[in-house]
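Secondary and tertiary structure notes
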Amino acid sequence: MNHPTITVIGTGYVGLTTAVLLAEVGHTVYALDINKERLDTIKQGRSFFHEEGIDPLIAHAIKRGKLIPTSSYEKSIPNSTFIFSSVGTPDNPDGSSNLSYVFAAAKKAMSLMKPGSVYIQKSTVPVGTGEEIERLFNKSGQEIKYVSNPEFLREGTAILDSLWFDRIVVGGNDKASCSAVLNLYKQIEVKRDELAKRAGIDGNGSQPGQYFTTRRNSAELIKVTANAFLAMRISFATS
């Protein structure tokens, strides 16, 4: 099985979960973060936040040398075929999303990515963000493909939600890149039971969900709509 090298930018609950699962199916994965304390904790084989089942997976991946915590874009990005962006998007005072980290990560990675690599956006962003980033890539003259891959995980059960997912959504203008990203998730699904056993979690009979390929803007809209629907349900439940 082909195991391309991967970089995951940002080691929050989405980024670290993604990184460790990809490492556990055999990929060499750089967990890239500028926070030294986070990296030091991951190097010790554990997470800096509570996430059911993640510590045994981190410890195993670190021991095998498949998960490599680093703060260096220069060490990780040029060696990677796939780059996942999972940086934070905190709220601005007016309630809009602060996309400064999203664009900073993309611009930094852009200058170092090798031709033919795929940049995958997992951070929750407004519709049209991918179009702006893709425009930056095109202006640079680099042969880089952009894919939107929103997350649908719950904090505390992100490993469980990743193994027994409801849906995997991948959106982009290049079908081959979308298929390549979906294949990464299918590799995780194949080893789902093995990974769950190592993590000490049980799917309780849950059935895996579906894979969806769509356009870039549609993938962004699916995530924003899902968040809005969840907020509406919570509002009605608490009113």
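Here goes a summary of the coordinates provided. (Residues numbered from 1 in each chain as written. Predicted model: local features only at pLDDT ≥ 70, side-chain atom pairs only at ≥ 80, totals over all residues. Heavy atoms only, no water.)

1. Describing the pattern of salt bridges
This is how the line gets drawn: What counts as a salt bridge is simple: a side-chain nitrogen of Lys or Arg found within 4 Å of a carboxyl oxygen of Asp or Glu. Partly exposed residues are those whose accessible area sits between 20% and 50% of the maximum for their type, while under 20% is buried and over 50% is exposed, using a 1.4 Å probe and protein chains only. A run of DSSP states H or I qualifies as a helix once it reaches four residues; a run of E qualifies as a strand once it reaches two. Both are numbered from the N-terminal end.
A complete count under the given rule lists 11 salt bridges for this structure. Across the salt bridge formed by R154 and D161, the nearest N and O atoms sit 2.7 Å from each other. We classify D161 as buried; its relative accessible area is 11%. Between R198 and E194 there is a salt bridge, and its shortest N-O distance comes to 3.1 Å. A residue pair is termed a helical-turn pair when its members lie 3 or 4 positions apart in one helix, as R198 and E194 do in helix 9 (residues 192-199) at 4 residues. Classification of R198 by relative accessible area gives partly exposed; the value is 27%. Look at E194 and you get partly exposed, because its relative accessible area is 39%.

2. Some remarks on the packing of helix 3 (residues 54-64) against helix 9
For any two helices packed against each other, one specifies the crossing angle of their axes together with the interaxial distance. Threshold: The convention used is that axes are lines fitted to C-alpha atoms, helices contributing only their stretch in contact, and that angles between N-to-C directions extend from 0 to 180 degrees. Roughly parallel covers angles under 35 degrees, roughly antiparallel covers those over 145, roughly perpendicular covers 65 to 115, and oblique covers all other angles. Any two residues whose heavy atoms approach within 4.5 Å at even a single point are treated as in contact. All residues other than Ala, Val, Leu, Ile, Met, Phe, Trp, Tyr, Cys, Pro, Asp, Glu, Lys and Arg, Gly among them, are scored as polar; the first ten of these are nonpolar and the last four charged.
Relative orientation of the contacting elements helix 3 and helix 9 amounts to 105°, with a least axis distance of 7 Å. Between helix 3 and helix 9, the crossing angle belongs to the class labelled roughly perpendicular. Facing P56, L57 and H60 of helix 3, the residues of helix 9 in contact are L195, R198 and A199. The residue inventory of the contact of helix 3 with helix 9, partitioned by class, reads 4 nonpolar, 1 polar and 1 charged.

3. Quick notes on the packing of helix 1 (residues 13-24) against helix 3
The criterion, for reference: Note on convention: the crossing is left-handed when the near helix lies turned anticlockwise from the far helix by less than a right angle, right-handed when the turn is clockwise.
It is the contact of helix 1 with helix 3, at a shortest axis distance of 9 Å, that shows an interaxial angle of 55°. With respect to each other, helix 1 and helix 3 are oriented oblique. For helix 1 against helix 3, the interelement crossing comes out left-handed. Listed contacts from helix 3 to L16, T17, V20, L21, A23 and E24 of helix 1 are I54, L57, I58, H60, A61 and R64. Taken together, the residues that form the contact of helix 1 with helix 3 break down as 8 nonpolar, 2 polar and 2 charged.

4. Brief notes about helix 8 (residues 175-190)
Rules: Here, expected helix span is obtained from the residue count minus one, scaled by 1.5 Å.
In a regular helix each residue adds 1.5 Å, so 16 residues correspond to 22 Å; helix 8 covers 22 Å between its end C-alpha atoms and thus fits that length. Along helix 8, the residues classified as buried are S177, C178, V181, L182, L184, Y185, Q187 and I188.

5. Considering the nonpolar core
Using the following cut-off: As used here, the term nonpolar core means buried Ala, Val, Leu, Ile, Met, Phe, Trp, Tyr and Cys residues forming a set that is joined through side-chain atoms within 4.5 Å.
With 43 residues, the main nonpolar core has V20, L67, F84, I159 and L163 as its most contacted residues. Ranked by the residues each element gives to this core, the list is headed by helix 1, at 8 residues.

6. Quick look at helix 5 (residues 100-110)
Note the cut-off: Our arc is simply the arc of the directions from the helix axis toward the C-beta atoms.
Within the span of helix 5, buried status applies to V102, F103, A105, A106, A109 and M110. Around the axis of helix 5, the buried residues are gathered within 160° of arc, so they sit on the same side. On the buried face of helix 5, the contacting elements are strand 1 (6-9), helix 4 (73-76), strand 4 (82-85), strand 5 (118-121) and helix 6 (129-140).

7. Let's talk about the pairing of strand 4
We apply this condition: Two strands qualify as a pair provided that DSSP identifies no fewer than 2 bridges between them.
Taking every second residue as pointing to the same face, both faces of strand 4 are buried, with F82 and F84 on one and I83 and S85 on the other. Looking at chain direction, strand 1 and strand 4 are connected through 4 bridges and run parallel. Looking at the pairing, I9 lines up with S85 of strand 4. One ladder, built from 4 bridges, connects strand 4 with strand 5; its direction is parallel.

These figures come from the coordinates and say nothing about function on their own.
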